[in-house]
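Coordinate analysis (summary)
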Amino acid sequence: MIDFFHAPGACSLGIHVILEEIGVDYRLHVLDLKSGQQRTDTYRSMNPKGTVPAIRLEQGEVLTEFQTIAFWLAESHPEAGLLPEDRLARARVMEALDYIVASVHMRGFTLALVPMKFVSDPAAQEALRAHGLAAATEGLAQLSETMGAHDWLLGEYSIADAALFYLTVWADRLGVELPANIAAFHARMTQRPAVARALNMAATTG
Ligand SMILES: N[C@@H](CCC(=O)N[C@@H](CS)C(=O)NCC(=O)O)C(=O)O
């Protein structure tokens, strides 16, 4: 069975959605990031980066990094249809995933949510927060262009939608207004049984 390391309110929500979508058996390990459980020796002996998401496979191999975990899960469960078969379409999914995680999350939302991790001066924190919010807003506008009139980011539902979903949850938390098509996407996502299960578990484990 897969062990899944997750924290309420973190980007690991996207991996939680993917695990529920593919319907695989997994053990949920909930970490409290505020109290620093990700930095304990026990956790770091498994994932030295001290981050979530992480998964430990049945054979003991540990996978970290959102894009890698999402790809591995989708690739291992082709019947779930979370990665297209066409090579260019698969590349487009990876392109979107990388933009969401490496750019919009790490260079936008992270700065807006936790500026205190980077600078101690309160005025500098405010400046960083504003910069992060602007980058997050710009990223969501780019993703809105990509989605256009489709129901899902790239037309067909994929692992990129699970990643976009956690951004929309963070936008809501920060009061960032979503472009209309992304707001409709967020509502559509919450109607999916897999997403509802992940959100319910987050509510009961938070
Ligand atoms: N590049 C990593 C980023 C993961 C990441 O930033 N995770 C955050 C939660 S959203 C985390 O674990 N933060 C804990 C910490 O920084 O102490 C990935 O793609 O998985």
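Keep in mind it's a predicted model, so treat the numbers as computed, not measured.

1. With respect to the packing of helix α6 (residues 159–174) against helix α7 (residues 180–190)
One can describe the packing of α6 onto α7 by two numbers: an axis separation of 10 Å at closest approach and a directional angle of 110 degrees. In terms of orientation, α6 and α7 fall into the roughly perpendicular class. From α6, Asp161, Ala162, Leu164, Phe165, Thr168 and Val169 reach across to α7, where they touch Ile182, Phe185, His186, Met189 and Thr190. Among the residues forming the contact of α6 with α7, the class breakdown is 7 nonpolar, 3 polar and 1 charged.

2. A short note on the domain arrangement of the chain
Here the domain parsing of the chain yields domain 1 (2–81 + 195–205) and domain 2 (87–192). Between the C-alpha centres of domain 1 and domain 2 there is a distance of 19 Å. Counting residues at the interface gives 18 residues for domain 1 and 19 residues for domain 2. For the pairing of domain 1 and domain 2, the buried interface totals around 1,500 Å² over both sides, and the portion due to carbon and sulfur atoms is 68%. Taken together, the links from domain 1 to domain 2 amount to 2 salt bridges.

3. Re the site of the ligand
Around the ligand, the surrounding shell holds 16 residues, and the nearest of these are Gln38, Val52, Glu65, Phe66 and Lys117. Between a nitrogen atom of the ligand and a side-chain N or O atom of Glu65, the distance comes to 2.7 Å. Separating an oxygen atom of the ligand from a side-chain N or O atom of Lys117 is a distance of 2.5 Å. Counting residues per element, the ones that place at least two in the shell around the ligand are α3 (66–76) and α4 (87–113). Counting residues per element, the shell around the ligand draws most heavily on α4, which supplies 3 residues.

4. Here's the deal with the packing of helix α1 (residues 12–22) against α3
Axis separation between α1 and α3 bottoms out at 10 Å; the angle between their running directions is 5 degrees. One finds that α1 runs roughly parallel with respect to α3. When α1 is examined against α3, the residues Gly14, Ile15, Ile18, Leu19 and Ile22 are found in contact with a partner set consisting of Phe66, Ile69, Ala70 and Leu73. When the residues that make up the contact of α1 with α3 are grouped by side-chain class, the tally is 8 nonpolar, 1 polar and no charged.

5. Considering helix α5 (residues 122–147)
A rise of 1.5 Å per residue sets the reference length of α5, with its 26 residues, at 38 Å; its end C-alpha atoms lie 37 Å apart and thus fit the reference within 8%. Regarding α5, the residues found buried are Gln125, Leu128, Gly132, Ala136, Gly139, Leu140, Leu143, Ser144 and Met147. In this structure, the buried side of α5 is in contact with α4, α6 and α7. A positive backbone phi angle near 55 degrees is found at Gly148, which sits one or two residues after α5.

6. Thoughts on the packing of aromatic side chains
Scanning all chains against the criterion turns up 7 aromatic pairs. Ring centres of Phe66 and Tyr166 lie 5.4 Å apart, and the angle between their planes is 55 degrees; this geometry places the pair in the tilted category. Of this pair, Phe66 sits in helix α3 while Tyr166 is found in helix α6, placing the two residues 100 residues apart along the sequence. A relative accessible area of 3% means that Phe66 is categorised as buried. Tyr166 gets classed as buried once you look at its relative accessible area, which sits at 1%. Seen in terms of ring centroids, Tyr166 and Trp170 are 4.9 Å apart; in terms of plane orientation they differ by 65 degrees. Their pairing is edge-to-face. Linking Tyr166 with Trp170, this pair stays in helix α6, spanning 4 residues, or about one helical turn.

7. Quick look at the environment of Gly36
Along the chain, Gly36 falls in the loop between β2 (26–30) and α2 (41–46). C-alpha separation for the pair Gly36 and Gly139, spaced 103 residues apart in sequence, amounts to 29 Å.

Cut-off values and rules
Along each chain, numbering runs from 1 in the same order as the chain's sequence is written. With pLDDT at 70 or above as the cut-off, local features in this predicted model cover only qualifying residues; side-chain atom pairs require 80 or more to be listed or tallied, and sums for whole chains, interfaces and linings still use all residues. Computation of side-chain values: all heavy atoms of the structure, hydrogens and water removed. Only the stretch in contact is used when fitting a helix axis, every axis being a line fitted to C-alpha atoms; angles between N-to-C directions are given from 0 to 180 degrees. Numbering of helices and strands runs from the N terminus; a helix is a DSSP stretch of H or I covering at least four residues, while a strand is a stretch of E covering at least two. If an angle is under 35 degrees, it is roughly parallel; if it is over 145, roughly antiparallel; if it lies from 65 to 115, roughly perpendicular; otherwise it is oblique. Note on contacts: a residue pair qualifies if any of its non-hydrogen atoms lie within 4.5 Å across the two residues. Note that Gly is not counted as nonpolar here; it falls among the polar residues with everything else outside the nonpolar set of Ala, Val, Leu, Ile, Met, Phe, Trp, Tyr, Cys and Pro and the charged set of Asp, Glu, Lys and Arg. Each domain's extent was defined by an automatic or database domain assignment. What counts as buried area is the accessible surface, traced by a 1.4 Å probe, that two parts surrender upon association, with contributions from both included. Each salt bridge in this description consists of a side-chain nitrogen of Lys or Arg and a carboxyl oxygen of Asp or Glu lying within 4 Å of one another. Residues are labelled near a given molecule or strand when at least one of their non-hydrogen atoms is within 4 Å of it. For the purposes of these results, a polar contact is taken to be a pair of N or O atoms within 3.5 Å, where, inside protein, one atom must be able to donate a hydrogen and its partner to accept one; residues adjacent in sequence count only when each atom of the pair is a side-chain atom. The span one expects for a helix is its residue count, reduced by one, times 1.5 Å. Relative accessibility thresholds used throughout: buried, under 20% of the residue-type maximum; exposed, over 50%; partly exposed, between the two (1.4 Å probe, protein chains only). Between 30 and 60 degrees the pair is tilted, below 30 it is stacked and above 60 it is edge-to-face, where a pair is any two Phe, Tyr or Trp rings, Trp via its six-membered ring, whose centres lie within 6.5 Å.

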